[in-house]
Amino acid sequence: MDAKDVLGDGCEQMLAAANSKRHAELITRLKELVVGLEEGRFVASTPLDADAGGGNEISGEDGDGPELPATLTDDQVDDILVPLRLAMESKSPKVIRAALASLQRLVAHGLLSGDADLRDEENTGDAKPLGTSPALTPATPAAGDSTPAAHADADGAKPDGAKADGADDKPPTPSGGEADAQRTPKAFETTPIALNAVPPLAPLSRRERLCGETVALICVGAEIVDEQCELECLKGLLVAVSSRSFRVHGRALLRVVRTCYNVHLGSKSEVNQATAKASLTQMLTVVFHRLETDDPSTLPPPIVVADVLSKQSGGGKAGDDSFENVAGYVQGLLNKAIADTNAGITAVGVAVGAVDPDDGCVDERRVDNEVTAREFDEDSEPATPKSNVSRSGTTTPRHSVGEGTRAVLCARKTLENDAFLVFRALCKLAKKSGDLTVPAVLRGKTLSLELLKILLANAGPVFATSRRFVDATKTYLCDAVVTNAAPGVPAAYQLSLSIFLTLLDKFRASLKAEIGYFYPLLMLKPLEVVIGAPLAPYTQRQILLQCHRVICGDAQLLVDLFVNYDCDLDSRSEEHTSELQSPLQSR
């Protein structure tokens, strides 16, 4: 495939929108790229052809599978990214939109394939801004990374959970303070996730850095206060995560999730907020579906956007014309992005048309209360190194592991790491403190809880039986559920209890000690009628009774609760029945 067919229209749009004075270097680089496209210097080839011709070696698993598309070499990709870096720095919305469309096309058509990661950001000092170098060098971190100063909270204080510089290699503290530590049972802390003594990972290859920078450049589009740029950014990220040949891992995946999360929090467009939520749900579905199938190229069917949007706090209801219009638009966008990405037939970017000259600079400042890099993806290294350890926990001797088997185990561990990092990040976001009277803060908390609920409800046997995810559930998820189990915010409270019901239904075999502690605390204590003490709020009692109705509808669950807890000699007998009688007798 010739890159001219993919990038030609985007280059024309950027040239038409660029200002000859402020964007002189961009125009020069774009003209050089156009000349190269006209001369046929950017024709894609298969990795085998590139290796035979002395081209750059493509890392990862790009050579596996019969459906591998033709791709550009590292030198070709580097030359293409030079003007795109400058375009993302131009502060012109139309130039940026055209650049985002070009990046989308590169990934959607398979011209840029490989593994994307931003792991080098952890081991480097100050990251250089975008466009400081015309070519990507091994020492240059991925572009577009945000700084804590650019994402300060509303009161100017340090973000919740932020650490001092150099503290990223310390294990996270699972408890939420002294109060949480006092109310947490010992069994809740018996299996902490050890992050120490992790051997250093291999440095990223050139192809991984190029793919990682592509993801970072797309994420920069969400920092521009322009609705079309936000939308193009979301489409580009959805294309990258859903692609079969372009795989987003590790810190790059966390950067993608954080970007979609912040668009949902800070965008002024209802359509963009809905698109961010639907895109994020689809991306997480892809990540955990690949974990369960043990296939980095598989793809689940698109989600039903109407079901996702109807659950959001304050969202519309089915039958409402405005809600149906938004849901239909987002569903069409989602379906088209996924179909175009894997078919590689048409581009996902903006339509080609007349472009007005430079439309001025835009403000890159985002709104308050968005999630910072530190509080979101700190400690993002995997809890266990990439090694020859199987899911069952048994270790295969290295001398008996062939190259093919070792590659399979490494790919499996990468999928597990991705799912773990995303799951932990969502738990941290759900636990994040803030002024819940601010709509953006409440919207972010409910979004993280909704995503956790969706992930748990659709969790497969790999997630449910993996010791790593069971420990993460004990350490992070239970803490997030208890933190949000306050009736002051009905939406968060109902979601927390819904998550707890899911744990009861699907994970009670591995969470016996935690359920024994949290079930009375969350489900029974608020229903107690104490003489002289006020009753729990009506909304809280109503939600609890609805939860107990669900529990009573599962006969096996009732038997398990009775056998494992009520029959315990140290517990009060018939506690469940007696507590449910209290609100009825008080009426």
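Look up: the structure comes first, before these words.
1. Section: the overall build of the protein
When helices and strands are tallied, the protein shows 22 helices and two strands. Across the 587 residues in the protein, those meeting the buried criterion constitute 52%. Here the protein has roughly 25600 Å² of accessible surface; of this, 54% comes from carbon and sulfur atoms.

2. Focus on the packing of helix H19 (residues 512-524) against helix H21 (residues 555-566)
Each pair of packed helices can be summarised by the angle the axes make with each other and by the distance between the axes. Relative orientation of the contacting elements H19 and H21 amounts to 90°, with a least axis distance of 11 Å. Classified by the interaxial angle, the pair formed by H19 and H21 is roughly perpendicular. On the side of H19, the interface is formed by Lys512, Ile515, Gly516 and Tyr519, while H21 contributes Leu561, Asn564 and Tyr565. Looking at side-chain class alone, the contact of H19 with H21 contains four nonpolar, two polar and one charged residues.

3. Regarding the pattern of salt bridges
A side chain with one charge may pair with a side chain of the opposite charge, provided their charged atoms come close. Within the structure shown, the criterion is met by 19 salt bridges. Its salt-bridge partner being Arg412, residue Asp294 comes within 2.9 Å of it at the nearest N-O pair. Highlighted residues: Asp294 in the loop between helix H10 (270-293) and helix H11 (305-309) and Arg412 in helix H14 (residues 403-431), separated in sequence by 118 residues. Close ionic contact of Glu416 with Lys413 constitutes a salt bridge, the shortest N to O distance being 3.5 Å. Residue Glu416 and its partner Lys413 are located together in helix H14, separated by three residues, close to a single helical turn. Of the residues examined, Glu416 reaches a relative accessible area of 7% and is grouped as buried.

4. Points about helix H18 (residues 490-506)
Helix length check: H18, at 17 residues, gives a terminal C-alpha distance of 24 Å against a target of 24 Å (1.5 Å per residue), a fit within 8%. Buried positions along H18 lie against helix H15 (439-457), helix H17 (467-483), H19, helix H20 (538-552) and H21.

5. As for the packing of helix H5 (residues 93-108) against helix H8 (residues 227-242)
Viewed as axis vectors pointing N to C, H5 and H8 meet at an angle of 10°, and their least axial separation amounts to 9 Å. Between H5 and H8, the angle falls in the class roughly parallel. Along the contact surface, H5 presents Pro93, Ile96, Arg97, Leu100, Gln104, Val107 and Ala108, while H8 presents Gln228, Cys229, Glu232, Cys233, Lys235, Gly236, Val239 and Ala240.

6. A look at helix H4 (residues 74-88)
Every α-helix winds through 3.6 residues per turn, so residues three or four apart in the chain are directed the same way. The end-to-end C-alpha distance of H4, which contains 15 residues, comes to 20 Å, matching closely the 21 Å that a straight helix rising 1.5 Å per residue would cover. At Leu81, H4 is bent by approximately 30°, the largest bend along its length, and proline Pro83 sits one to four residues beyond. Burial within H4 is extensive, with 13 of its 15 residues counted as buried.

7. So, the packing of aromatic side chains
The full count for this structure, using the stated rule, is six aromatic pairs. With a centroid separation of 5.1 Å and an interplanar angle of 80°, the aromatic rings of Tyr517 and Phe518 are classed as edge-to-face. What makes Phe518 buried here is its relative accessible area of 4%. When the ring centre of Phe420 is taken as origin, the NZ or CZ atom of Arg468, which lies over that ring, is 4.3 Å away.

8. Observations regarding unusual backbone geometry
Unusually for a residue other than glycine, Lys91 sits at a positive phi of about 65°. By the secondary structure assignment, Lys91 is in the loop between H4 and H5. Since its relative accessible area comes to 37%, Lys91 is described here as partly exposed.

9. A few points about a nonpolar patch on the surface
Residues Val559, Phe562 and Val563 make up a contiguous nonpolar surface patch of about 270 Å² in total accessible area. Position of Val563 among the secondary structure elements: in helix H21.

Rules used in this analysis
Residue positions are given per chain, counting from 1 as you read along its sequence in written order. Local features in a predicted model are, by the rule used here, given only for residues with pLDDT of at least 70; side-chain atom pairs are given and counted only at 80 or more, and totals for whole chains, interfaces and linings are based on all residues. In computing side-chain properties, one takes all heavy atoms of the structure into account and sets aside hydrogens as well as water. What counts as a helix is a DSSP run of H or I of at least four residues, what counts as a strand is a run of E of at least two, and both are numbered from the N terminus. Classification of residues uses two cut-offs on accessible area relative to the type maximum, computed with a 1.4 Å probe and protein chains only: under 20% is buried, over 50% is exposed, and between them is partly exposed. Surface exposure here means Shrake-Rupley accessible area, sampled with a 1.4 Å probe, where a residue is shielded only by the protein chains that are shown. The axes used here are C-alpha line fits, helices contributing only the stretch in contact, and every angle between their N-to-C directions lies in the interval 0 to 180 degrees. For classification purposes, angles smaller than 35 degrees are called roughly parallel, those larger than 145 roughly antiparallel, those between 65 and 115 roughly perpendicular, and all remaining angles oblique. The contact definition used throughout considers only heavy atoms, calling two residues in contact when any of these lie within 4.5 Å. The classification used treats Ala, Val, Leu, Ile, Met, Phe, Trp, Tyr, Cys and Pro as nonpolar, Asp, Glu, Lys and Arg as charged, and all other residues, Gly among them, as polar. In what follows, salt bridge is the name for a side-chain nitrogen of Lys or Arg lying within 4 Å of a carboxyl oxygen of Asp or Glu. One less than the residue count of a helix, multiplied by 1.5 Å, gives the span that helix is expected to have. By definition, a residue's bend is the angle between the axes fitted to the seven residues ending there and the seven starting there. Pairing of aromatic side chains here covers Phe, Tyr and the six-membered ring of Trp, requires ring centres within 6.5 Å, and sorts the geometry by plane angle: under 30 degrees stacked, over 60 edge-to-face, intermediate tilted. Note on criteria: charge over ring means Lys NZ or Arg CZ within 6 Å of the ring centre, with the direction from the centre no more than 35 degrees off the ring normal. For patch detection, residues must exceed 30% relative accessible area and be free of salt bridges, and they are connected within 9 Å for like charges or within 5 Å for nonpolar side chains (Val, Leu, Ile, Met, Phe, Trp, Tyr).

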